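One letter stands for each residue in the lines below.
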Amino acid sequence: MSRRTLPILKHLLSARSKTTTRSVTYMPRPGDGTPRSVTLIPGDGVGPLVTGAVEQVMEAMHAPVYFEKYDIHGDMKSVPPEVIESIRKNKVCLKGGLKTPVGGGVSSLNMLLRKELDLYASLVHCFNLKGLPTRHENVDIVVIRENTEGEYSGLEHEVVPGVVESLKVITKFCSERIAKYAFEYAYLNNRKKVTAVHKANIMKLADGLFLESCREVASKYPSIQYNEMIVDNCSMQLVSKPEQFDVMVTPNLYGNLVANTAAGIAGGTGVMPGGNVGADHAIFEQGASAGNVGNESLLEQKKANPVALLLSSAMMLRHLQFPSFADRLETAVKRVISEGKYRTKDLGGDSTTQQVVDAVLANLD
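Small disclaimer: the values here were computed from a predicted structure and weren't measured.

Undergrad: Explain the packing of aromatic side chains to me, please; I cannot follow it from the model alone.
TA: All told, the structure shown has 4 aromatic pairs when counted by the stated rule. With a centroid separation of 6.5 Å and an interplanar angle of 85 degrees, the aromatic rings of F322 and F325 are classed as edge-to-face. Take F325: its relative accessible area is 18%, and that puts it in the buried class. Each member of the aromatic cluster is reached from another via a ring pair, and the members are F183, Y221 and Y226.

Undergrad: Sorry if this is basic, but what is going on with unusual backbone geometry here?
TA: It is generally the case that most residues other than glycine have a negative phi and that most peptide bonds are trans. We note that N138 has phi near 60 degrees; this positive angle belongs to a residue other than glycine. Within the fold, N138 resides in the loop between β4 (121-127) and β5 (140-146). Its relative accessible area of 65% is what places N138 among the exposed residues. Positive phi, normally seen in glycine, also occurs at N190, with a value near 60 degrees. Here N190 is to be found in the loop between α5 (172-188) and β8 (193-198). On the accessibility criterion, N190 (57% relative accessible area) is exposed.

Undergrad: Which parts of the structure should I look at to understand the nonpolar core?
TA: Grouped burial of nonpolar side chains is what soluble globular proteins tend to show. Grouped together as the largest cluster of nonpolar side chains are 89 residues, with contacts concentrated most on M61, L317 and L329. Contact partners of L329, with chain neighbours within four places excluded, come to V57, M61, L310, S313, A314, L317, V360 and L364.

Undergrad: Quick question: what am I supposed to make of the confidence of the model for the protein chain here?
TA: Detailed reading of the predicted coordinates is not advisable wherever pLDDT falls low. Averaged over the protein chain, the pLDDT score is 87; the fraction of residues at 70 or greater is 88%. In the predicted structure, residues 12-24 sits below a pLDDT of 50 and forms 4 contacts with residues beyond four places in sequence or in another chain.

Calculation criteria
Residues numbered from 1 in each chain as written. Predicted model: local features only at pLDDT ≥ 70, side-chain atom pairs only at ≥ 80, totals over all residues. Heavy atoms only, no water. Phe/Tyr/Trp six-rings, centres within 6.5 Å; stacked < 30°, edge-to-face > 60°. Buried < 20%, exposed > 50% of the residue type's maximum accessible area, 1.4 Å probe, protein only. Helix = DSSP H or I, 4+ residues; strand = E, 2+ residues; numbered from the N terminus. Core = buried A, V, L, I, M, F, W, Y, C linked by side-chain atoms within 4.5 Å. Contact = heavy atoms within 4.5 Å. pLDDT = per-residue confidence, 0-100.

Structure, rendered in structure tokens:
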């Protein structure tokens, strides 16, 4: 071999060693540790109380995140442009509950955020927490819900006085997209089964298209079991044998109902984390319905449960590639629940939000 060819050979070998291939086991890329800016929306009612709890814990852990806080409320007509700009820049947001007025002409700011940022997937993780007694054991369900269309399209009008028409929009693009997200989530998280929830026996075209899309995607993941369940039967199965479910993928409205039912079975909405994600942005918030947002007595007594948002912020830390901080936070919260000394009223205790936060801080490794 001539001297002239040696440098070329070394260059080729070096380039080959730098080439990465995807292995069978998913290996997430570690973050570089650079502090990240996160948009913070405290929201309405108890929102500032529970987001304040997260801020305290993040500061105590010296987590590499800092917050850009914006004061918006559910009765506003639109999301201020500077808030949207902040989320687009930071790509991640942590949000307390925003109270949506019932009826009237005010749109839901939650829906406006999801549509503006194309946060097409809602994920709620419903699972048993050690030390928290529930009717069912071995519950570990991830509900993945299409977030941008269906009954939540907001296409309503009055045809004639006394007759209102509301359009349910289902598209192949959005159905395939949410199905791919559900199966990819199952694959990367070592989940065994995906259940598609539908009402295609009645809504044959709309829910039929959703099912058709799920089936096409399922065929590309032969290692993951796939089944389908009509939404009314699914509701009954959830409350009788919830341990049969693993990952559930649903259209918009069904997912809202299924996630709240699963949360109630596993311990209540006050302890279930969740988030809304898209290709470029993510908003983390309490997983199931924030029904306590407008609870004035909780606010006055400062006894709102911060656990759901603390666990959602752990999900956020993993999303930001800070897994060690996420593990510390999650472990501390689970210890507090397991010990049972500090619990808010919804979990059978009488502790204040601050007492729960102090217990979490004391359990941080």
